[in-house]
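# Inside the fold
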Amino acid sequence: MCRNIKPLFNFDPPATNEEVHDAALQFVRKLSGTTKPSKRNQEAFERAVLSIAACARELLDSLETSQSPRNREEEAAKARARAAVRFA
């Protein structure tokens, strides 16, 4: 769907509200087809971002797993290595 939306579940430390909001913003941008809505649509756009962020936070808080939490720095290093191979 959207490459900029990263998995946020099962990380140590847990996803911040800012990360959840950013993912919601990317999702709404993708659905609406615009990165910056017109003034006429600004309120609906912002309301959608807040609503999706709240739902995403609720989902993340209710999910359970038996896996140990992933380390953010290790996952970022893996992603950089994959990107280096892909774009080299």
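One can find the structure itself at the top, above this paragraph.
Below is a summary of the structure that appears in this document. Position labels on residues start from 1 in each chain and follow its written sequence. A pLDDT threshold of at least 70 governs which residues receive local features in this predicted model, and a stricter bar of 80 or more applies before side-chain atom pairs are shown or counted, although totals over entire chains, interfaces and linings include all residues. Think of the side-chain values as coming from all heavy atoms in the structure, minus any hydrogens and water.

### Description of the packing of helix α1 (residues 17-32) against helix α2 (residues 42-62)
This is how the line gets drawn: Note on geometry: axes are lines fitted to C-alpha atoms, helical ones only across the stretch in contact, with angles between N-to-C directions running from 0 to 180 degrees. Helix and strand assignments follow DSSP, with helices taken as H or I runs no shorter than four residues and strands as E runs no shorter than two, numbered in order from the N terminus. In these notes the angle categories are as follows: under 35 degrees is roughly parallel, over 145 is roughly antiparallel, 65 to 115 is roughly perpendicular, and the rest is oblique. With the far helix as reference, a near helix turned anticlockwise by less than a right angle produces a left-handed crossing, and one turned clockwise produces a right-handed crossing. Note on contacts: a residue pair is in contact if any heavy atoms of the two residues lie within 4.5 Å. Note on residue categories: nonpolar means Ala, Val, Leu, Ile, Met, Phe, Trp, Tyr, Cys or Pro, charged means Asp, Glu, Lys or Arg, and polar means any other residue, Gly included.
Interhelical geometry of α1 versus α2 gives an angle of 130° and a closest axis separation of 8 Å. In terms of orientation, α1 and α2 fall into the oblique class. At the point where α1 passes α2, the crossing takes the right-handed sense. Packed against α1, whose contacting residues are N17, V20, H21, A24, L25, F27, V28, R29 and S32, the element α2 presents F45, A48, V49, I52, A53, A56, R57 and L60 at the interface. Partitioning the contact of α1 with α2 into residue classes produces 12 nonpolar, three polar and two charged.

### Section: the pattern of salt bridges
Note the following rule: The salt bridge criterion pairs a side-chain nitrogen of Lys or Arg with a carboxyl oxygen of Asp or Glu, the two atoms within 4 Å. Partly exposed describes any residue whose relative accessible area lies between the buried limit of under 20% and the exposed limit of over 50%, with all areas from a 1.4 Å probe on protein chains only and scaled to the type maximum.
This structure, assessed with the given rule, holds four salt bridges. Note that K78 is salt-bridged to E75, the shortest N-O span being 3.5 Å. Remark: E75 and K78 occur in helix α3 (residues 72-87); sequence separation between them is three residues, near one turn of the helix. The partly exposed category is assigned to K78, whose relative accessible area is 43%.

### Description of α3
Note the following rule: Every helix has an expected span of 1.5 Å times one less than the residues it contains. Here a polar contact means two N or O atoms within 3.5 Å. Within protein one must be a hydrogen donor candidate and the other an acceptor candidate, and residues neighboring in sequence count only if both atoms are side-chain atoms.
Over its 16 residues, α3 extends 22 Å from the first C-alpha to the last, a length consistent with the 22 Å expected when each residue adds 1.5 Å. Where α3 starts, the residue carrying a side-chain oxygen 2.8 Å from the main-chain nitrogen of E73 turns out to be N71.

### Some details on the packing of aromatic side chains
Each aromatic ring pair is specified by the distance between its two centres and by the angle formed by the two planes. Heads up, the condition is: Working definition: a ring pair exists when centres of Phe, Tyr or Trp rings (six-membered ring for Trp) sit within 6.5 Å. Plane angles under 30 degrees give stacked, over 60 give edge-to-face, the rest tilted. In this analysis the charged atom, NZ for Lys or CZ for Arg, is taken to sit over a ring once it is within 6 Å of the ring centre and within 35 degrees of the ring normal.
Overall, the coordinates contain zero aromatic pairs when judged by the stated rule. The lysine or arginine in question, R70, covers the ring of F11, its NZ or CZ lying 4.3 Å from the ring centre.

### What about the nonpolar core?
What counts is decided by this rule: Put simply, buried Ala, Val, Leu, Ile, Met, Phe, Trp, Tyr and Cys residues joined by side-chain atoms within 4.5 Å make one nonpolar core.
Core analysis: the largest hydrophobic core is formed by 11 residues, namely L8, A15, V20, A23, A24, L25, V28, F45, V49, A53 and L60. Elements supplying a minimum of two residues to this core: α1 and α2. Among the elements that take part in this core, α1 stands out by supplying five residues, more than any other. In this structure, V20 is in contact with L8, A15, A53, A56, R57 and L60, ignoring residues within four places of it in sequence.

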